[in-house]
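# Summary of structural features
Chain residues, written in single-letter form:
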Amino acid sequence: QSMLIDEAIPFMNKRISYYMNLLCNGRYQVTFDTLKATKDQKEYRDKISVEVFDTETHSDKRVKFSGGQTRLVDIGTILTLSDLMANVQDVSFNIILFDEIFDSLDAENIRYAANLLRLASKEKWVGIISHTKIDDIEADNVLEFR
């Protein structure tokens, strides 16, 4: 099991880097690793960990990120895991559905996320459920419920 994970990590790091560059011009650096230190830092466990680093504030703790910063990391991670499934198991998803993906994002980050989702929609159907009315998002179809 750990050998399979070790083989997937370089691919995952390459994809998450690609997505984070599109989402935030590389401000947040995200890497996956297979070793995670225990709380006392005395031993390491074989477990996938996600490391984040904010190049502006130099914060390396995800718990210190705002909701919007965390959301950008989550978007990149979701797309990376989708790519991993397509690469490793030759299983491609032709539908991705996001629920409240723009929650906690400011207008600038909504634009970045929308541009990335527009790119993803060239290869698959992307559905977005949102309570936030976003006028500047290009969509093929919009269903509005009142």
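Residues numbered from 1 in each chain as written. Predicted model: local features only at pLDDT ≥ 70, side-chain atom pairs only at ≥ 80, totals over all residues. Heavy atoms only, no water.

## Some details on the packing of aromatic side chains
- Taken as a whole, this structure holds two aromatic pairs when the rule is applied.
- With a centroid separation of 5.5 Å and 50° between ring planes, the pair formed by Tyr28 and Phe65 is classed as tilted. Here Phe65 lies in the loop between strand E2 (44-54) and helix H2 (67-88) and Tyr28 lies in strand E1 (residues 28-37), a separation of 37 residues in the sequence.
- Tyr28 gets classed as buried once you look at its relative accessible area, which sits at 5%.
- Given a relative accessible area of 8%, Phe65 falls into the buried group. (Phe/Tyr/Trp six-rings, centres within 6.5 Å; stacked < 30°, edge-to-face > 60°. Helix = DSSP H or I, 4+ residues; strand = E, 2+ residues; numbered from the N terminus. Buried < 20%, exposed > 50% of the residue type's maximum accessible area, 1.4 Å probe, protein only.)

## Overview of unusual backbone geometry
- Phi at Asn25 takes a positive value of approximately 50°, unusual for a residue other than glycine.
- For Asn25, the location among the structural elements is in the loop between helix H1 (2-24) and E1.
- Phi is positive for His58, which is not a glycine, with a value near 65°.
- Within the secondary structure, His58 is located in the loop between E2 and H2.
- Of the residues examined, His58 reaches a relative accessible area of 56% and is grouped as exposed.

## Thoughts on a negative patch on the surface
- Residues Asp6, Glu7, Asp33, Glu51 and Asp60 make up a contiguous surface patch of negative charge.
- On the secondary structure map, Glu7 appears in helix H1.
- Residue Glu7 is classed as exposed on the basis of its relative accessible area, which comes to 54%. (Patch = residues over 30% accessible without salt bridge, like charges linked within 9 Å, V, L, I, M, F, W, Y side chains within 5 Å. Areas by Shrake-Rupley, 256 points an atom, 1.4 Å probe, with all protein chains shown as cover. Salt bridge = Lys/Arg side-chain N within 4 Å of Asp/Glu carboxyl O. Lys, Arg positive; Asp, Glu negative; His and termini not counted. Charge placed at Lys NZ, Arg CZ, Asp CG, Glu CD.)

## Comments concerning the environment of Pro10
- Take Pro10: it is sitting in helix H1.
- Assessed through its relative accessible area of 53%, Pro10 is described here as exposed.
- Measuring from C-alpha to C-alpha, the distance between Pro10 and Thr31 comes to 9.3 Å, with 21 residues separating the pair along the chain.

## Quick look at the environment of Gln29
- When you line up the elements, Gln29 lands in strand E1.
- Counting along the chain gives 31 residues from Gln29 to Asp60, while the straight-line C-alpha distance between them is 9.4 Å.
- Apart from residues no more than four positions distant in its own chain, Gln29 is found in contact with Glu51, Val52, Phe53 and Thr55. (Contact = heavy atoms within 4.5 Å.)

## Side note on a nonpolar patch on the surface
- Side chains of Ile95, Leu97, Trp125 and Ile129 sit close together on the surface and give an oily, nonpolar patch of about 440 Å² of accessible area.
- Listing elements by their share of the nonpolar patch, those giving two or more residues are strand E3 (95-99) and strand E4 (125-129).

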